[in-house]
Amino acid sequence: MNDSMAELRSIVTRAGDRWTETGIPRVAMVHAEACASQVYQPMLHLVLQGSKTLSIGDQLRRYEAGTYFIVPVDIPATGQIFPGEGGQAYMATSLTLEPAIIASISGGAEAAPATWRAACFAPTQASSEMTDAWLRMMRLVDRPGDREVMAPLIEREILFRALQGPLGGALREISQPDGRLFQIRRAIQWIRENFSKPFRVEPLAAMADMSVAAFYRHFRSVTAMTPIQYQKRLRLLRARWLLLFEPRDAASIAFEVGYESASQFSREYARLFGLPPSRDAARFRAGEYADPISPAA
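For clarity, every value in this text was computed on a predicted model and none was experimentally measured.

All right, on to the overall build of the chain then. Within the chain one finds 12 helices and 10 strands. By the compact-globule yardstick of 19 Å for 297 residues, the chain fits well, its C-alpha radius of gyration being 20 Å. The principal-axis extents of the C-alpha atoms in the chain amount to approximately 55 × 50 × 30 Å. Looking at the 297 residues of the chain, the share that counts as buried comes to 53%. Accessible surface computed for the chain: about 12,900 Å², of which carbon and sulfur atoms make up 51%.

Right, let's talk about the environment of tyrosine 259 for a bit. Position of tyrosine 259 among the secondary structure elements: in the loop between helix 10 (250-256) and helix 11 (262-273). What makes tyrosine 259 buried here is its relative accessible area of 6%. Leaving out residues up to four positions away in the same chain, tyrosine 259 has contacts with Lys232, Arg235, Leu236, Ala254, Gln264, Phe265 and Glu268. A distance of 2.4 Å separates the side chain of tyrosine 259 from the side chain of glutamate 268, its partner in a polar contact.

Let's shift gears to the sheet that holds strand 1 (residues 20-21). Two pairing modes exist for strands in a sheet, parallel and antiparallel, and in both the strands are linked by backbone hydrogen bonds. Taken in spatial order, the 6 strands make up an open sheet running 1-2-9-4-7-10, and their pairing is antiparallel. Lying at the two open borders of the sheet, with one neighbouring strand each, are strand 1 and strand 10 (124-125). One ladder, built from 4 bridges, connects strand 4 (residues 43-49) with strand 7 (residues 67-71); its direction is antiparallel. Within the sheet, the bridge partner assigned to leucine 44 lies in strand 7 and is isoleucine 70. Each of strand 2 (27-31), strand 4 and strand 9 (91-96) is contacted by helix 1 (residues 2-12), which is oriented at about 100 degrees to strand 4, the strand it contacts most.

A word on the pattern of salt bridges. Two side chains with opposite charge may pair up if their charged atoms get near one another. According to the stated counting rule, one finds 13 salt bridges in the structure shown. Its salt-bridge partner being aspartate 142, residue arginine 14 comes within 2.6 Å of it at the nearest N-O pair. Taken together, the residues arginine 14 in the loop between helix 1 and strand 1 and aspartate 142 in the loop between helix 3 (128-139) and helix 4 (144-163) connect sequence positions 128 residues apart. Relative accessible area serves as the criterion here: at 45%, arginine 14 is assigned to the partly exposed category. On the basis of relative accessible area, aspartate 142 is assigned to the partly exposed category, the value being 49%. As a salt-bridge pair, arginine 161 and glutamate 157 come within 4.0 Å of each other at their nearest N and O atoms. With a gap of 4 residues between them, arginine 161 and glutamate 157 both fall in helix 4, about one helical turn apart. If you follow the salt bridges from partner to partner, you end up with Arg136, Glu157 and Arg161 in one network.

Attention now moves to the sheet that holds strand 5 (residues 51-56). Spatial ordering of the open sheet is given by 3-8-5-6, a layout of 4 strands whose pairing is antiparallel. Looking along the sheet, the strands with just one partner apiece sit at the ends: strand 3 (38-40) and strand 6 (59-64). On average, each strand axis in the sheet is tilted by 40 degrees relative to the strand beside it, whichever way the strands run. As paired strands, strand 5 and strand 8 (residues 75-82) are joined by 5 bridges and run antiparallel to one another. Paired with serine 55 across the bridge in strand 8 is threonine 78.

Cut-offs applied
- Residues numbered from 1 in each chain as written.
- Predicted model: local features only at pLDDT ≥ 70, side-chain atom pairs only at ≥ 80, totals over all residues.
- Heavy atoms only, no water.
- Helix = DSSP H or I, 4+ residues; strand = E, 2+ residues; numbered from the N terminus.
- Rg over C-alpha atoms; globule rule 2.2 N^0.38 Å.
- Buried < 20%, exposed > 50% of the residue type's maximum accessible area, 1.4 Å probe, protein only.
- Areas by Shrake-Rupley, 256 points an atom, 1.4 Å probe, with all protein chains shown as cover.
- Contact = heavy atoms within 4.5 Å.
- Polar contact = N/O pair within 3.5 Å; in protein donor to acceptor, adjacent residues only side chain to side chain.
- Pairing = 2+ DSSP bridges.
- Axes fitted to C-alpha atoms, helices over the stretch in contact; angles between N-to-C directions.
- Salt bridge = Lys/Arg side-chain N within 4 Å of Asp/Glu carboxyl O.

This is how it looks when you write it as structure tokens:
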């Protein structure tokens, strides 16, 4: 496994500090990422070097080299990366999850725990079989003639190994078009498209074909947030992007993303990002900022 990880890292050194396309469908890589605060789309994320922390709702998770995690739905998260013991830059690969592909192989995988949600974002040690499959996938970066045939086969193998692991239940539910996760995904999409607008939970619950109580319960189990907390995180991520890259006064940005009170916006911004809006922007412009921020919406 150590040899596989070393070769994987040698390939990923050519990536940029933002997620870099590899030419392989649904596969990306990053080198020296500063852990952008962003909305993570459904994916399998494997850490190759260094470590990463993510704040997802009320959960704080740390992912070390050799571990992976699964994002089942669009999740707004903030985080930070740390170098390896020798100061080596953070490296990772990701595979965007395609429900149809998972569905086509999930019947052949060994049974996985059904109660996956409590540990959905938990760091999971990659098996040597999964790491070897990832290495063969990343070798295709330099073998474009092999990709069309080999990449789909290796993608299925990576997913098959994940289906055999502790997060296999999450993958199975992603693949079910009539499952609870799919119903929650409809509501999430609505919130993402309308994050600056106030909403009532009852219509979202109806959209998901659930009672209000069941909707709250399932939404929180999938996202680690309530619907209102999810909306607030989207607003703050978008506000941060606007503040840093389309500079205006904080009050006008607060109103644009849906806040009715600039003071409330400033308090909640500082609570999430550690500094009030104006000081956060000043730190970024002074070159003291670690995170290249990605837009939230």
